[in-house]
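Chains, contacts and geometry: an overview
These are the residues of each chain, in order.
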Amino acid sequence: MAAVVVTPAQDLADLQGLLVRGYGNLTSACFLLLEIDEPAAARAWLALTADLATAADSRPTASSLNVAFTSSGLRALGLDSTVIEMFSNEFVEGMATPFRQRLLGDTGESAPDSWAWGGPNGAPIHVAVMLYAVGEGALATLRDAETRRAAAHGLRTVSILDTVDLGGSEHFGFSDGVSQPAMAGLGRPDRSANTVAAGEFVLGYPNQYGLFGERPVLPRSADPTEILAVDVAGSGRADLGRNGSYLVFRQLSQDVRGFWRYVDRATRRPDGTSDPVRRTMLASKMVGRWPSGASLVVAPENDDPSYAKFNDFLYQDVDRDGLRCPVGSHIRRANPRDSLDPSPGSSRSLEVTNHHRVLRRGREYGNRVDVATLFDEVGDDEERGLHFVCLNANIARQFEFLQKTWINSPKFDRLHEGDDPLIGPRQALGDTFTVPASPVRTRVRGMPRFVAVRGGAYFFLPGRRALRYLANLAG
Amino acid sequence: MTPVKPEAMSALGELLGAMARDVLGNDVLPFGRLTKTHFARFFLLDSAQAHDGSQLPAYLIFMSDIDGRPEEGLAELVDVGGNGIDHLYCHCIGYPTALPVSRQARLEYLRAHIVRADVNYVNTIGRTVQQIRGEAEVREAIEDFLDRGGPELVGGNPSAVRAAIREFVTSDGRLNWALTPAPAPPLAYRVRELVHFAVPVILGLLLLPVLVPVLLVWLVVLRLHEIRDPSPLVKPDRAHLDQLRALEDYTEQNQFIAAGFLKSGWFRHVTAVVILWLVGFGARHLFNNGNLAGVKTIHFARWILLDGAVRSVFVSNYDGSTESYMDDFIDKVAWALNAVFSHGAGYPATRWLLFGGARDEQAFKGFLRAHQLPTQVWYAAYDQLSALNIVDNARIRAGLHGDMTELEAQNWLRLL
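Chains are numbered independently. Their residues run from 1 in the order of the written sequence. A letter from A marks each chain and a number from 1 marks each ligand, given out in the order of writing. Local features are withheld for residues below a pLDDT of 70 in this predicted model, meaning they are given only at 70 or higher, and side-chain atom pairs are given and counted only at 80 or more; totals for whole chains, interfaces and linings count all residues.

1. Structural notes on the overall build of chain B
Filter applied, for reference: Strands are runs of DSSP state E lasting at least two residues, helices are runs of H or I lasting at least four, and both sets are numbered from the N terminus onward. For this measure, only C-alpha atoms enter the radius of gyration; the expected value for a globule follows 2.2 Å times N^0.38, where N is the number of residues. Once C-beta atoms are placed from the backbone, each residue is buried if 20 or more other C-beta atoms lie within 10 Å of its own, exposed if 12 or fewer, and partly exposed for counts between those two. Remark: residues whose backbone-derived C-beta atoms lie within 7 Å of one another are considered to be in contact.
Looking only at helices and strands, chain B has 15 helices and twelve strands in total. Whereas a compact globule of 416 residues would reach a radius of gyration of roughly 22 Å, chain B reaches 24 Å, a difference of no more than 12%. Here the C-alpha coordinates of chain B stretch approximately 75 × 60 × 45 Å along the principal axes. A buried classification covers 38% of the 416 residues belonging to chain B. For chain B, long-range pairs separated by at least 24 residues make up 73% of all intrachain contacts whose partners lie at least 6 apart in sequence.

Here it is, written out as structure tokens:
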């Protein structure tokens, strides 16, 4: 028996580039959301798109194009429903179901009924074309060319999602994207605590359990011209999932002024004047990092930009009780590292946490807030936020678990109340944030929701052979 | 556990559905009026055909986790339900037909259908509903007191803050009961538990020379079974999943039921019975204090063998989502799940009883979901508290009593 291939390192030309890089050098980006009107024409479009799609084997310097499909998009392309059912339930059913509304906290103003795209009341989303370029001019050229090419092939543009380059920070004013998991045997090596199996993100390879995740593997007869790779798990079938990934896309609207007004009021001096030092402190406690990106674990008292990119820390030994970085803070929830059961501080706990990691590939959108009116009662109410994009091989165990069990749960770790102070949905018990301190904690209450969901969908980001396979489907 | 008249199944299902729409106040059994019940549920187990072709009946199963003896719980159930008990159980075989049935006859019918669980896991044995609710209120009140941030709290050392909290609790007539520590289990109970623990252990040690060779032979036979037993990869049907998911994630707690056939043959049956006994023994004596081998999110759980150990049912009340529950099983206690569940038909292949099995993530999740049953009516007495919250609330209350060093006071304040 041949040795099992454990990483896609030898097959990078088949991966779409987004799996291994966020295209940080391509500072402008936009996302086209398309609906397939004419399947045959769409397949002809895809045949060319498969060649255009940027692969992972080299770093693009001018522009990039990646493409992903919803399950209804695959159906519209003509993929057989028995094959679609081989994908994971989450992908097949989509993001906007009553069950997932509870799980993800998509209720109230974040309910799919009122989404700008991806909800039950909007046009179906079949395809996402993700475009990246250097500068807005180059992006506009690429965007216009791609919308025209799509239209010429019976693909209707439902929405164009623009983005903005905030130079590495997000709209609330904090450096973002400091922590990403590393893939074993692929890309830049990292310490073992932050390294997980490639199969956690790329389908068709062993995951952290040494197993192959849910993906469609077809009888060889369904692939007569042998476009697809053979399943390395040994089934002898053709692996349509190989080198693909599940892509979670959510448009997260940020109430930046609401956030800063709330933090400002919660930290005023007894005489009613603002206290900028305490204000930044509370905001940073909520995030778990200072605006520069420095972790509160290593810089507990003041922001220290020399730690801006520092990510090599754990919680249990230095900050078990969250006196530095609160247990309920955003980054401690998003990646609790070694701090949870079964045995906090141990490699076992790290191992369990690492079953729930995602690769983040989001981009900000909307104009930067005017700092001059940040704390005022009236000011701009422009739409701005994050086009949250993440990649994972098991949506239920990775993205949905993270969102439900860590971000949204008021019972995270040993907490009694409070969801993620930055992005939580404020369901029951959600609106309290506890700041551990000596001799005793302080807490803020009545937090409004600062982040609302405006749209979303689950996509499949196929490998390039799979793109060609889909382009060759019979009508 | 009461067998259902075949012709009454759909009517009973509808009645349970109506109860579920108003669990606390419905007129069949208003659960909100039960005072000793932590969790309770009604569910239907369908009739099925056994391996030998015999027809197994459908059951209406009522399960509850209560304070005190089963008879006390039954009495409260009958008193709160009143005529509602008749409306419910008239769908079941053997229930008196002349309505209304007397209180005594209702009690007798229910008593005659009590089934003992083979394994009964209780997060913390001896903690009552009243105590759990009361301690949660005490914590809330202390938290609110701290939020008001009086002058006595500013700049104080841990002992001073603790003293201020104790003074606050003392001054409030609705809270000061908490200054007295929770009662320790009575001596007679502790002696009985010690004997119950020691006798089998001593017997086991004495019989060791006999047990070891038996165990070795058993292990080899087991391994042969494991190699032979089929373990098909099952992807649960979507309609079934939808039915289950429609009942999940409304509060911080969830319920779970899985039912299925045991693998056929006497070897698996005997093994299952012995292992369930061992697990029940462990749950009673070893995992009786908030920690089931690393899993701290389960309030109550049970395993029961039915129809002469042909079918089995597993039931639990836990914190968080089904996904996180199954992940806990896989990541933290796969060995224990394997030891018990691997005698169920279709379970993912195990090796030497403890290995493999649940570690096959997709196969295990598929197996559990496929064998899961909807809980028609579910009651939870404190649905906003996690099991860890309850443990911490008890520690907060305990810390109101007695002397503490500065360090102890500091550690106690960290619970708040």
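2. Let's talk about the pairing of strand β6 (residues 119–122) of chain B
All names here are of chain B. Rules: When DSSP finds two or more bridges between a pair of strands, those strands are recorded as paired.
Where burial is concerned, the two faces of β6 differ: the one with V119 and Y121 is buried and the one with N120 and V122 is not. With four bridges connecting them, β6 and strand β8 (residues 298–306) associate as antiparallel partners. Counted as the bridge partner of Y121 is A301 from β8.

3. Concerning the domain arrangement of chain B
Residue and element names in this part refer to chain B. Our working rule: Each domain's extent was defined by an automatic or database domain assignment.
For chain B, the domain assignment lists domain 1 (2–115) and domain 2 (116–416). In this structure, domain 1 and domain 2 have C-alpha centres spaced 25 Å apart. Contacts between the two partners involve 24 residues from domain 1 and, on the opposite side, 25 residues from domain 2. Breaking the side of domain 1 that touches domain 2 down by element, the ones donating at least two residues are α1 (9–21), β2 (37–45) and β5 (59–66). Here the side of domain 1 that touches domain 2 gets nine residues from one element, more than from any other, and that element is β2.

4. A short note on the packing of helix α6 (residues 158–171) of chain B against helix α15 (residues 406–413) of chain B
Residues and elements named next belong to chain B. Counted only if it meets this: To get an axis, a line is fitted to the C-alpha atoms, and for a helix only the part in contact is used. The angle between two axes follows their N-to-C directions and goes from 0 to 180 degrees. Convention used here: angles under 35 degrees read as roughly parallel, angles over 145 as roughly antiparallel, angles from 65 to 115 as roughly perpendicular, and any remaining angle as oblique. Rotating anticlockwise by less than a right angle from the far helix to the near helix defines a left-handed crossing, while the corresponding clockwise rotation defines a right-handed one.
Running from N to C, α6 and α15 point in directions that differ by 60°, and their axes come no closer than 8 Å. Viewed along their axes, α6 and α15 adopt a mutual orientation that is oblique. Crossing of α6 over α15 shows left-handed handedness. Listed contacts from α15 to P158, S159, V161 and R162 of α6 are E406, A409, Q410, W412 and L413.

5. Quick notes on the sheet that holds β8(B)
Residue and element names in this part refer to chain B. The four strands are arranged β6-β8-β9-β7 in an open sheet whose pairing can be described as antiparallel. The sheet is open, and its two borders are formed by β6 and β7 (253–261), each paired with just one other strand. With direction set aside, neighbouring strand axes in the sheet form an average angle of 5°. Note: β7 against strand β9 (residues 311–319), nine bridges, orientation antiparallel. Paired with Q253 across the strands is D319, a residue of β9.

6. Concerning the interface of chain A and chain B
Threshold: Three residue categories are used. Nonpolar comprises Ala, Val, Leu, Ile, Met, Phe, Trp, Tyr, Cys and Pro, charged comprises Asp, Glu, Lys and Arg, and polar comprises the others, including Gly.
Listed as interface residues are 28 residues of chain A and, on the opposing side, 32 residues of chain B. Elements that contribute at least two residues to the side of chain A that touches chain B include exactly α5 (98–104) and α12 (396–407) of chain A. With six residues, the single largest contributor to the side of chain A that touches chain B is α12(A). Across the side of chain A that touches chain B, the residue classes tally to twelve nonpolar, five polar and eleven charged.

7. Topic: the confidence of the model for chain B
We count it as follows: Confidence of the prediction at every residue is given by pLDDT, a number between 0 and 100.
Across chain B, the average pLDDT comes to 93, with 100% of residues at 70 or higher. Across the predicted assembly, pTM comes out at 0.96 and ipTM at 0.94.

8. Side note on unusual backbone geometry
Phi is mostly negative for residues that are not glycine, and the peptide bonds are mostly trans. Here A:D341 and A:P342 are connected by a cis peptide whose omega angle stands at 15°. Relative to the assigned elements, A:P342 resides in the loop between α10 (330–334) and α11 (347–353). A cis geometry characterises the amide bond from A:S438 onward to A:P439, with omega recorded as 0°. With respect to the helices and strands, A:P439 occurs in the loop between β14 (433–435) and β15 (442–444). With a phi angle near 55°, A:E226 is a residue other than glycine that sits in the positive phi range. Summarising the element assignment, A:E226 is placed in the loop between β7 (217–218) and β8 (229–230). One non-glycine residue, B:A309, lies in positive phi territory at about 60°. By the element assignment, B:A309 lies in the loop between β8 and β9.

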